[in-house]
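Take a look at the letters that make up each chain.
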Amino acid sequence: MDPNRKRAIRLTVALTAALLLASALIYVSFSAGRDELTASQLLNKAKPGGQYILAGTVENGSIRRQGERTYFSVLDPKRRIAVPVSYTGVVPDPFAQGRAVMVDVTDQGGRFIGQQNSLTTKCPSKYQAASGALKQTAGEPLGPATVKS
Amino acid sequence: MSTLGHALLLLDLGLCLFGIIASVHGARRDRPDWIEAGRRAMYALAGLSVIAFVLLEVAFIRGDFSFKVVADTSSTTTPLFYRLTAPWSSQQGSLLLWVTLSSLWSSLALYLTRKRLREIVPYATAVLLGMNGFFVALASFAANPFQTTPPAVTPTDGAGLDPLLMHPSMMFHPPMLYSGYTLMAVPFAFAVAALITGRLGSEWIRDTRRFALAAWLCLGMGIILGARWSFTELGWGGYWGWDPVENAALMPWIVCTAFIHSIQIQEKRGMLKVWNVSLVLSYGTLAIFGTFLVRSGVLDSIHAFGGSTLGIPFVVLLSAMVITSVGLVVWRREGLRSEHRLDSLLSREAMFLLQNLVLVAITFVIFWITLFPLISLALTGVRASVGPPAFTPFVVPLALVLVLLTGVGPLISWRRATAANLRRHFVLPLALGVVVGVLTATLTAAGRQPFALAAFVFGAFVIGTVAQEFYRGTAARRASTGASWPHALIALVRRNRRRYGGYIAHLGFAVMLIGVAASSSFQHARHATLMPGQSVNDGAYSFRYVRPTVAVNSERLSFGAVIAVSRGGKFVTRLHTMQSFYPSTNAGDGFIGRFFDSANADSTIGLASGTLRDIWTVAAANLNPLLPLIQRDNALLTSRYNAVVRDVRKQVPVARQQAAVNNVLDRLGFWTARDVAVQAIAAQYLKHRYPVAFLVIVFPLVGWLWAGAAIIFIGGLISLVPPALLVRRRSPATQRPRVAARELV
């Protein structure tokens, strides 16, 4: 076969494969993509049975543990709205109030149930210390941080 | 010390500017003295950066909390080992580490090429200094590691390093990743310089190939160390979670893998010049893109720095890199034309090219899915995410093709393979693959998982090809030299490190793939809430919660569980998992509550590793029964403390009140009473019989993943080590042609 013709066929096959891959990728992304919502967006959009990704900060004082279930509220980053979530299972170590989390939730008649193993929190190397948070230790109100056994 | 540190950074910036000007001026005017000045500016940059980094380390070792970064990420109770690692736990310190490593690697590259590539080196120096200058500028003005707080508000103790970062991997994982990223800048800079000067031969590639290999090795090991660390932590998604920042490290590594293979085609056949230079420019840019994702906060990632404002500068740098790269390749396209064409699809160069296309396709898939939230936001106005499951249908089949090509590529002939060549090289490995496939399909659950089964078959095929090559090479060496098998094997590897180092890396890749396929397809995970004495089954294993445990030491309180694991009624192992609570600095927790704050806790998993499976367990300490005791003693101590403060305020001037309060508290034994109360509350944990939430996971063959990574590391090192360190003697002149002919790549 003519080398140029051979080359053209190879190029066509390669481009077709690339096009198919790209099309499949775009299709899967848009069909399987789920909206990442803040608390206020979730409250506006949620429909019973719907699955969403909720992103925000764990509200201070909202964490409550009951057996294997953990209850907490996810705060909207911009507005004073929080969505209560019920999560079953072991939570990640970095999970705590005031920390950024993402969790897959299902709307069960206005109650948001967190999907097991879906709760993620930021890597602790990336927290930014709140300014002035350390001033409390300048005096000695908390005392030594070691327990003498 | 902070003033000196900041002055060093500003001096670094001046050196970068001077070096760029000197190098470009020297190249344009053909002035060797100016070119040499540019090179020395890089050496000086490296020296000053090392001094600046040592200054920061000294501040951490001394516990100088006037440094903001020291106060934010360490404390008086942080062990020395972790004070040494704490600098790179912050944005500021990690930028300084980047500059230090980058300037050191750049200096090494410029030193090794000081008598070579005379036209290319000045521009490469300018590019390297430009990239270093960018990070120095960030560290100088946007995220200064030497920022201090005024003496009046300097804390007596720091916030401490997060307990999760107190892990031996903290010493190695970030520096390895940063070394990988910064080493990638070297081939990038030389590629840009080669395109600028039009010196497009293979010389610059030959001189920087070792840096590409070192970058690939360091970044790969950094990724694996991170995976291992993540595997032993709770909540980091197992050994791989397709997190954006994990993906950001994987992408340049994959592209670098493609380059390491395709460069052989350019060296042997003078083909794929555009492709190769594009790969170098791509992984150099993707390395910066990785750090952009970490530091910009543009995507939600567990590894992204929160509240960072460095996104815009990185966008500017990335834009400059992409525009320059594309512009230069287009400008020099004539000089980059291939010297030969592909003769046959059944040839080594075709297999390498196909392997490259698969690697680039995997990179594109990862890039697209990782950035999809941004793409979706731009196109639809809504931020959507597809999550980790979206990777599987694309990455798994492509990875299987890749592993098959890993077996085929190195053995098939250059230019055109014949039927005899195919028979000679592939019959035995194919037979091995088929046997392994039949055995695993009939004896294990692999028959129900086609992708996993394919991974086992292809993995066995690759292992077969590598074993066959080692056997044949060693046998040929024995025949020609009369050496023993071990001596012949060692001599074989010494004589052709690149080829046999590559084979070893391929072997590691196959072993690793088998581990990934088995551990992801056949793992059993089970959540359960158990009382002491109760059991739960997970797959073939049974887990019994034997008893709770408590440990108190000066750093932390640990609440744990002892679990007995059995299989078919037979005892397998006993595991101990615990959750440790480190004292918080949150005054709101109270005198007692600060020792039980779950925000300052980390888990130690109970892990039993084995050749065929790992058993992984974790328990969340249930402190609910202790809360009333914590609240009671908090209130008691707070009222005592307040009484002391009231008394002191009546009698002592304001300026001396704090010291007086501390004296009275010491005299009254206040802190001793607190410690006794903490220990008494902790001891109560042993008495309560409340349920504890467990997560137990059985990972089949996950140890193969780590073993495979170690084999890849060994293979990479063999390929990387300079010949002089391995080859002591040359072959006798009479044997040289025969041996060389057999070992020709």
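Since this is a predicted model, take the numbers as computed values, not measurements.

Conventions and cut-offs
- Residues numbered from 1 in each chain as written.
- Chains lettered and ligands numbered in written order.
- Predicted model: local features only at pLDDT ≥ 70, side-chain atom pairs only at ≥ 80, totals over all residues.
- Heavy atoms only, no water.
- Helix = DSSP H or I, 4+ residues; strand = E, 2+ residues; numbered from the N terminus.
- Buried < 20%, exposed > 50% of the residue type's maximum accessible area, 1.4 Å probe, protein only.
- Contact = heavy atoms within 4.5 Å.
- Pairing = 2+ DSSP bridges.
- Axes fitted to C-alpha atoms, helices over the stretch in contact; angles between N-to-C directions.
- Parallel < 35°, antiparallel > 145°, perpendicular 65-115°, else oblique.
- Left-handed = near helix turned anticlockwise from the far one by under 90°.
- Nonpolar A, V, L, I, M, F, W, Y, C, P; charged D, E, K, R; others polar.
- Expected span 1.5 Å × (residues − 1).
- Domains from an automatic or database assignment.
- Phe/Tyr/Trp six-rings, centres within 6.5 Å; stacked < 30°, edge-to-face > 60°.
- Lys NZ or Arg CZ within 6 Å of the ring centre and 35° of its normal.
- pLDDT = per-residue confidence, 0-100.

A. Layout of the overall build of chain B. A count of helices and strands for chain B gives 24 helices and 10 strands. With the principal axes as the frame, chain B shows a C-alpha extent of 95 × 75 × 60 Å. In chain B, buried positions account for 58% of the 745 residues. Counted over contacts in chain B with a minimum sequence separation of 6, partners at least 24 positions apart contribute 76%.

B. The sheet that holds strand 5 (residues 557-567) of chain B, seen in detail. Residues and elements named next belong to chain B. Spatial strand order, 3-4-5-6-7: five strands in an open sheet with antiparallel pairing. Two strands close off the open sheet at either side, each with one partner strand: strand 3 (535-538) and strand 7 (601-604). Direction aside, neighbouring strands of the sheet carry axes that sit 25 degrees apart on average. On top of the sheet, helix 21 (residues 670-687) reaches strand 4 (541-552) and strand 5; it is set at about 165 degrees to strand 4, its chief contact.

C. Up close: the pairing of strand 4 of chain B. Residues and elements named next belong to chain B. Here strand 3 pairs with strand 4 via four bridges, running antiparallel. When the sheet's bridge partners are listed, Asp538 is paired in strand 4 with Tyr541. If you look at the hairpin formed by strand 3 and strand 4, you'll find two residues sitting between the two strands, and Gly539 has a positive phi there, around 65 degrees. Pairing of strand 4 with strand 5 involves 11 bridges; the strand directions are antiparallel. If you follow Val552 over to strand 5, its bridge partner there is Leu557. Counted between consecutive antiparallel strands, the loop separating strand 4 from strand 5 contains four residues.

D. Looking closely at the packing of helix 10 (residues 273-296) of chain B against helix 12 (residues 348-380) of chain B. Residue and element names in this part refer to chain B. Here helix 10 crosses helix 12 at 25 degrees, and the two axes come no closer than 13 Å. In terms of orientation, helix 10 lies roughly parallel with respect to helix 12. Note that helix 10 runs across helix 12; the crossing there is left-handed. Contacts between helix 10 and helix 12 involve Trp275, Leu279, Leu286, Phe289 and Leu293 from the first element and Asn356, Leu357, Val360, Thr363, Phe367, Thr370 and Leu371 from the second. For the contact of helix 10 with helix 12, the per-class residue count stands at nine nonpolar, three polar and no charged.

E. How the structure looks around helix 8 (residues 203-231) of chain B. Here helix 8 of chain B is 29 residues long and its end C-alpha atoms lie 42 Å apart, about the 42 Å a rise of 1.5 Å per residue gives. Along helix 8 of chain B, 24 of the 29 residues are buried, which leaves the element largely enclosed by surrounding structure.

F. Quick look at the domain arrangement of chain B. When the domains of chain B are assigned, the result is domain 1 (1-161), domain 2 (419-523 + 703-742) and domain 3 (532-690). Of note, the centres of domain 1 of chain B and domain 3 of chain B, computed from C-alpha atoms alone, are 41 Å apart.

G. Fine view of the sheet that holds strand 9 (residues 613-620) of chain B. All names here are of chain B. As summarised here, the arrangement of the four strands in space is 2-10-9-8, forming an open sheet in which the pairing is antiparallel. Each edge of the open sheet is held by one strand with a lone partner, namely strand 2 (524-530) and strand 8 (606-608). The average undirected angle you get between the axes of adjacent strands in this sheet is 15 degrees. Of the strand pairs in this sheet, strand 8 and strand 9 are connected by three bridges, and their pairing is antiparallel. Note that in strand 9 the partner of Gly606 across the bridge is Thr617.

H. Broad picture of helix 5 (residues 91-112) of chain B. Helix length check: helix 5 of chain B, at 22 residues, gives a terminal C-alpha distance of 32 Å against a target of 32 Å (1.5 Å per residue), a fit within 8%. Where burial is concerned, most of helix 5 of chain B is hidden: 17 out of the 22 residues are buried.

I. Quick look at the environment of Ser107 of chain B. All names here are of chain B. For Ser107, the position within the fold is in helix 5. Each C-alpha atom of the pair Ser107 and Val654 lies 57 Å from the other, and the pair is 547 residues apart in sequence. For Ser107, the residues in contact, after removing those within four places along its chain, are Met42, Tyr43 and Ala46.

J. Structural view of the packing of aromatic side chains. Residues and elements named next belong to chain B. A full pass over the atoms with the stated rule returns 39 aromatic pairs over all chains. Aromatic pair Phe231 and Tyr239: ring centres 6.4 Å apart, planes at 45 degrees, arrangement tilted. Take Tyr239: its relative accessible area is 12%, and that puts it in the buried class. Among the aromatic side chains, those forming a connected cluster through ring pairs are Trp98, Phe134, Phe135, Tyr178, Tyr181 and Phe314. In this structure, Arg114 is placed above the aromatic ring of Tyr111, and the distance from its NZ or CZ to the ring centre is 3.9 Å.

K. Highlighting the confidence of the model for chain B. On average, chain B scores 89 in pLDDT, and the residues at 70 or more come to 95%. Here the predicted complex scores 0.88 on pTM and 0.77 on ipTM.

L. Summary view of the confidence of the model for chain A. Averaged over all residues, the pLDDT of chain A equals 78, while 79% of them reach at least 70. Note that residues 125-140 of chain A has pLDDT below 50 and, in this model, 38 contacts with residues that lie over four places away or in other chains.

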